[in-house]
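What the coordinates show
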Amino acid sequence: MQDHQSGHQRLTLSDVQRPEYLANPYPLYHRLREHDPIYWDEEMHAWVLTRYTDVVAVLRDPRFSSAWGPVETAWMPEELRPQLEPALRAVSRQMLFLDPPDHSRLRGLVARAFTPRMVESLRPRVQRLVDELLDAVQDQGEMEFVADFAYPLPAIVIAEMLGVPPEDRSQFIVWTQDFGRLLDGGHLSFEELLTTLSGIADFLAYFRRQIAQRRTAPRDDLLQALILAEEQGDRLNEEELLGNCVLLLAAGHGTTTHLLGNGLYALLQHPEQLQLLRENPSLAPTAVMELLRYDSPVQLTSRRLTADVEWAGRRFKAGEEVLTVLGAANHDPEQFPDPDRLDLRRTDNRHVAFGHGPHFCLGAPLARLEAEVAFTTILRRLPQLCLATEQIERLPSLVFRGIKALPVTFASVL
Ligand code: HEM
């Protein structure tokens, strides 16, 4: 798009996919925020918001909805409908895609099973898993951090929590990728949509069997707790149970992988900050919050207008989509002094990496726990940790920010 005042090519959010901005989108976000912090993006067909105060205001304003609306099935090929329709229905019952009062009800029920106390009780198990993953590579003096550590750790933790047997875990890789594609916001081709939904249908069939087993032979795991979760005589029905199990698995997996990958990469690029954390492991909770702000795994989320709204000097029409760019809000200099600086001691760090308002990430305590244990243990156990290459490849996504592969070297302990 041509900017008539400056004569320069005007940048838009889609430019994040250009190699220089995929490597570092924050200068682009600054340009968007300075030029017009609330603009209508023709290509995305949505409003784009890059200022912290606007992002926070939209995410807590009920007129900006998360709901999917009624499930449309007319486009489905007749022969696939019996398989795909239940998948789409279960996905549409995930709390992420609902507004109050449905959202509050479902979130309340899931939160009864998935409590911060229960998450904290996992700390010794997370520590053991972290140590086992490092034991496997320690003598080699090198690893590909994403495949060897950042991917398996959250996958094993959430699969174990839900009570998924270890032998079924590799199948989860495929299923969580299917669901990630649906959340990614990109436009899927018809064939891709069919493949994605049929993967989710298999995922649901698997969980249906797991739930049936627990109804006759109860176990001590999160899936059982979700089946039993009750509030004033209300429980999750099977569709809600299935949809939200898939959400817990998928929402918590890729995002935490990206936090570990982006976080370690940021530390390795700032050796003095890495050293600070190595010497002060008690800084881990503050450090993880700063790593979440500095290079957020979820860069944007969206809402849809339920009514015509006059807001911040703009007229939004019912049905229009609004993209709240969390990554840009987290680098807004009005909210964070010197926002592009990694400062592991940063205080008053009210970042929006986990969202804001009623949909604030339910898994935040788990993600933070995993990252705290991971970073402190890695820095304690792996001396002379370095990047093996300066050339890292980013995931080509506007929504998720992650690293495909992160080869590192360290002194091997023989
Ligand atoms: C919601 C980010 C880890 C489960 C969200 C939202 C964000 C987010 C931004 C809000 C989306 C919106 O408002 O539209 C992250 C990041 C993570 C992470 C950056 C890791 C670093 C996890 C984990 C779990 C989880 C480990 C669970 C195992 C959820 C759920 C919601 C959610 C269930 C929906 C909450 C609701 O709709 O009320 N997450 N998440 N997340 N997250 Fe996370």
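See the structure shown above.
A short tour of the structure in this document, coming up. (Residues numbered from 1 in each chain as written. Predicted model: local features only at pLDDT ≥ 70, side-chain atom pairs only at ≥ 80, totals over all residues. Heavy atoms only, no water.)

What follows concerns the packing of helix α7 (residues 123–138) against helix α18 (residues 364–381). With their axes 10 Å apart at the nearest point, α7 and α18 run at an angle of 40 degrees to one another. Between α7 and α18, the angle is such that the two are oblique. Taken as a pair, α7 and α18 cross one another with a handedness that is right-handed. Residues R123, V126, Q127, V130, D131, L134, D135 and Q138 of α7 form the contact with α18, whose participating residues are L369, E370, E372, V373, A374, T377, I378, R380 and R381. When the residues that make up the contact of α7 with α18 are grouped by side-chain class, the tally is seven nonpolar, three polar and seven charged. (Axes fitted to C-alpha atoms, helices over the stretch in contact; angles between N-to-C directions. Helix = DSSP H or I, 4+ residues; strand = E, 2+ residues; numbered from the N terminus. Parallel < 35°, antiparallel > 145°, perpendicular 65-115°, else oblique. Left-handed = near helix turned anticlockwise from the far one by under 90°. Contact = heavy atoms within 4.5 Å. Nonpolar A, V, L, I, M, F, W, Y, C, P; charged D, E, K, R; others polar.)

Our focus in this paragraph is the site of the ligand. Near the ligand, the surroundings consist of 29 residues, among which H103, R107, T301, H359 and C361 are the closest. The contact in question runs from an oxygen atom of the ligand to an N or O atom on the backbone of L96, over 3.5 Å. Among the elements of the structure, α5 (102–113), α13 (238–251), α14 (254–269), β7 (300–305) and α18 are those that each provide at least two residues to the shell around the ligand. (Near = heavy atom within 4 Å. Polar contact = N/O pair within 3.5 Å; in protein donor to acceptor, adjacent residues only side chain to side chain.)

Let's shift gears to unusual backbone geometry. The residue after P100, namely P101, is reached through a cis peptide bond having omega 5 degrees. Residue placement: P101 occurs in the loop between α4 (81–92) and α5. Here H45, not a glycine, exhibits a phi torsion of approximately 55 degrees, which is positive. Locating H45 in the fold gives a position in the loop between β1 (38–41) and β2 (46–49). Notably, Q384 is not glycine yet its phi reads approximately 50 degrees, a positive angle. Within the secondary structure layout, Q384 lies in the loop between α18 and β11 (386–387).

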